[in-house]
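So the chains spell out like this:
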Amino acid sequence: SSTSRTRPTREWKLTDFDIGRPLGKGKFGRVYMVRTKCEPNYILALKCLYKSEIVQSRVEKQIRREIEIQQNLRHPNVLRLYGYFHDEKRIFLMLEFAGQGELYKQLSKKGSFSERRSSRYIDQMADALQYLHSKHVIHRDIKPENLLLGINGELKIGDFGWSVHAPGNRRMTLCGTLDYLPPEMVEGKEHNEKVDYWALGVLTYEFLVGCPPFEDKNSANATYRRIAKVDLKIPPHVSPDARDLISKLLKYNPEERLPLSEVARHPWILKYRPKSTSKGGS
Ligand SMILES: CC(C)NC(=O)[C@H]1CCC[C@H]1Nc1nc(Nc2ccc(C(=O)N(C)C3CCN(C)CC3)cc2)ncc1C(F)(F)F
């Protein structure tokens, strides 16, 4: 309705919350588990960003875009941003609390995930990415560090710092990991939402193998070269179905990458999808 669209989110302030335990450190500040003082007592994650750090790193446009994008998204596998407010020194993001925490911590603890767990996560990622692309949002930074787990173990994309409205070819300072970059971004070319298809392939590989496919611990340039060559070696323990999906996503030519609709009905995904889901269930 028009009113909900024009009505600003109610003004929140720090004293509206009881501050609970710290959940960890984000990029530009700390994250706390908090609860609203007034009924109903909502549990949230409050991400505190220091304005000074944002200005110094010249990422204010990126933060503004992150807030604008994430605030308008509604999907079970996308972490909700309920609102934000600021005081003289900090910006506060009111985010959905993810009950089982950070996926990358579970991945590093376990080393790698089973085929079943990996397949369930990739099914949810493909669903979330289809939703994002339907809104012309490219994520561009899909990797385990940006994923959280909800109270029932469901996957949640938790960070939109690098997302853009398609198509994008903003020069990006390659500060983060290169491992997830597709050839077209490594070569600084124009890119579109198919960069997320490539990253989904890298993520599938990393879940099953425990490290990204083109990683070269010695040098970034070596990693660039391996990406540009699509120098892909899949270990023998990876099942033929998983191997098939990974190789159909990690194609040099973005147009040849398996569309997300095909990912959702790939044998490796269908095999582990719970019978109860209404999705395409026959
Ligand atoms: C995607 C983005 C890049 N990542 C982040 O923002 C990170 C930066 C710091 C935390 C996380 N941000 C969030 N974390 C949660 N939930 C959560 C986190 C950690 C634990 C946990 O395992 N411990 C406290 C454990 C408990 C056991 N002890 C031993 C270690 C810490 C449990 C629940 N919900 C929402 C957020 C969000 F995103 F809204 F801020």
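Since the model is a prediction, treat every value here as computed from it, not as a measurement.

Parameters and conventions
Residues numbered from 1 in each chain as written. Predicted model: local features only at pLDDT ≥ 70, side-chain atom pairs only at ≥ 80, totals over all residues. Heavy atoms only, no water. Helix = DSSP H or I, 4+ residues; strand = E, 2+ residues; numbered from the N terminus. Expected span 1.5 Å × (residues − 1). Buried < 20%, exposed > 50% of the residue type's maximum accessible area, 1.4 Å probe, protein only. Axes fitted to C-alpha atoms, helices over the stretch in contact; angles between N-to-C directions. Parallel < 35°, antiparallel > 145°, perpendicular 65-115°, else oblique. Left-handed = near helix turned anticlockwise from the far one by under 90°. Contact = heavy atoms within 4.5 Å. Nonpolar A, V, L, I, M, F, W, Y, C, P; charged D, E, K, R; others polar. Salt bridge = Lys/Arg side-chain N within 4 Å of Asp/Glu carboxyl O.

1. Remarks on helix α7 (residues 194-209)
Note: α-helices contain 3.6 residues per turn, so residues at a spacing of three or four share the same orientation.
Step number 1: If you check α7, its first and last C-alpha atoms are 23 Å apart, about what 16 residues at 1.5 Å a residue would give, namely 22 Å.
Step number 2: In terms of burial, α7 is largely enclosed, as 15 of its 16 residues are buried.

2. Remarks on the packing of helix α5 (residues 115-134) against α7
Step number 1: The N-to-C vectors of α5 and α7 enclose an angle of 165 degrees; their axes lie 10 Å apart at closest approach. Between α5 and α7, the crossing angle belongs to the class labelled roughly antiparallel. In the packing of α5 onto α7, the handedness of the crossing is right-handed. Contacts from Glu 115, Ser 118, Tyr 121, Ile 122, Met 125, Ala 126, Leu 129 and His 133 of α5 reach α7 at Asp 196, Tyr 197, Leu 200, Leu 203, Thr 204, Phe 207 and Leu 208.
Step number 2: Each residue belonging to the contact of α5 with α7 can be placed in one class, and the counts come to 10 nonpolar, 3 polar and 2 charged.

3. Quick word on the pattern of salt bridges
Step number 1: Tallied over the entire structure, the rule returns 18 salt bridges.
Step number 2: As a salt-bridge pair, Lys 189 and Glu 187 come within 3.1 Å of each other at their nearest N and O atoms.
Step number 3: A relative accessible area of 42% places Lys 189 in the partly exposed class.
Step number 4: In this structure, Glu 262 and Arg 265 form a salt bridge, with 2.8 Å as the shortest nitrogen-oxygen distance.
Step number 5: Since its relative accessible area comes to 31%, Glu 262 is described here as partly exposed.
Step number 6: Classification of Arg 265 as exposed rests on a relative accessible area of 52%.

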